[in-house]
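# Analysis of the macromolecular model
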Amino acid sequence: YKLSVAPEMDIMEYCRKEWRGNTPVAKRMRKGYEAVARKFASIRRVRGDNYCALRATLFQALSQATQLPNWLQSEDFTMLPENLLSKYDWIKQWQLKQKLGRKMGEISEEIKEYLILLRKKWKNISEIKGPIEKQEACDKLFKNEEEEYSLYEALKFLMLNTAIELYNDDKNGRRVPVFSWLLFARDTSSNPCQLMHNHLNHIGHSGGLEQVEMFLLAYALQYTIQVYRLYKHSTDEFITLYPNDPEEDWPVVTLITEDDRHYNIPVGMCQETML
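Residues numbered from 1 in each chain as written. Predicted model: local features only at pLDDT ≥ 70, side-chain atom pairs only at ≥ 80, totals over all residues. Heavy atoms only, no water.

What counts is decided by this rule: UniProt positions are given in the numbering used here, feature names are shortened, and annotations may be inferred rather than shown by experiment.
Per an unreviewed UniProt entry, the recorded name for the protein is OTUL thioesterase, and the organism is Burhinus bistriatus. UniProt's Subcellular location (unreviewed entry) comment on the protein is quoted here verbatim: "Cytoplasm".

Listed below in structure tokens is the structure:
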């Protein structure tokens, strides 16, 4: 098996290995890692395919989960694919992950399975009390490719659902977060259908998450994603929050990126970090 999230390594040791030279970039990265190391002891490398933003975020969310989020508990959660497909015919063109020997069955049934799996795994892991056992359960899940990639499909579908809600809210004159305007101001995603075709369908295959889609992921999960953006060290964008005006009751997950494309995970807080 391939491990999707590598074992812990000391942050400064990792930094010394990766950034040896004396170029301005290397110096900035080292300063960035030093700043992270004041809060976190170790880093876990995340496998660098086009799912890495989803992988890093979900791994962090699950490894600190103590309860099932409200949106995962709702009765109609698993009816989401059916409900959306009944209103939007174009969702039939959702790009499902390729499984060998799978007949093109009902797309809503397959996505429903992914959503049920997400709820089940989240519930099981959140009920584990001991931190070591919880971590072992997460590691085990992220070694199981079949399940792991099914969970990313569930997350992508939740992102689509959130995008549709925001788009409709805006059309109906309700207040929406600023990122929602930016999301639909792109030529390639002026509505949810285009967003699906040109962006969500490609995540994991030919592209990762763009910045504005990190906001969408945060809203879909109702989590604040805090990112140390190392190449922005010594600017006010060094620590970026998605969304930048988070709801107070949303849990926080922390990621590290060197380039806004690949994300790793800091672990082992040196002290209680508060936003």
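### Considerations on the UniProt feature "active site" (unreviewed entry) in the protein
Put simply, the rule is: Summary of the burial criterion: residues with accessible area below 20% of their type's maximum are buried, those above 50% are exposed, and those between are partly exposed, where the area comes from a 1.4 Å probe applied to protein chains only. Any pair of residues with heavy atoms lying within 4.5 Å of one another is described as a contacting pair. Helix numbering and strand numbering both begin at the N terminus, where a helix is a DSSP run of H or I of at least 4 residues and a strand a DSSP run of E of at least 2.
Feature annotation in UniProt assigns "active site" (unreviewed entry) to the following positions: Asp49, Cys52 and His262. Across 214 residues in sequence, these annotated residues keep their C-alpha atoms within 8.4 Å of one another, forming a single compact spot. Residue classification places Asp49 among the partly exposed residues on the basis of a relative accessible area of 23%. Apart from residues lying up to four places away in sequence, Asp49 is in contact with Arg55 and Tyr149. You can see Cys52 is positioned in helix H3 (residues 52-63).

### Here we look at the pairing of strand S3 (residues 224-229)
Using the following cut-off: Should DSSP find at least two bridges between two strands, the strands are taken to pair.
Most of S3 sits out of view: six of its six residues are buried. Of the two faces of S3, the one carrying Thr224, Gln226 and Tyr228 and the one carrying Ile225, Val227 and Arg229 are both buried. Bridging between S3 and strand S5 (residues 252-257) involves six bridges; their strand directions are parallel. Across the sheet, residue Val227 finds its bridge partner in S5, namely Leu255. Note that S3 and strand S4 (residues 239-242) share four bridges and pair antiparallel. Note on S4: the bridge partner recorded for Val227 is Thr240.

### Considering a nonpolar patch on the surface
Rules: Patches in this entry comprise residues that are over 30% relatively accessible and not in a salt bridge; like charges within 9 Å are linked, as are nonpolar side chains (Val, Leu, Ile, Met, Phe, Trp, Tyr) within 5 Å. Accessible areas in this description were obtained via Shrake-Rupley with a 1.4 Å probe; residue shielding takes into account the shown protein chains only. By convention in these notes, a salt bridge is any Lys or Arg side-chain nitrogen within 4 Å of a carboxyl oxygen on Asp or Glu.
Together, Val178, Trp181 and Leu182 make up a nonpolar patch on the protein surface, roughly 330 Å² of accessible area in all. As for its position among the elements, Val178 is in helix H9 (residues 178-185).

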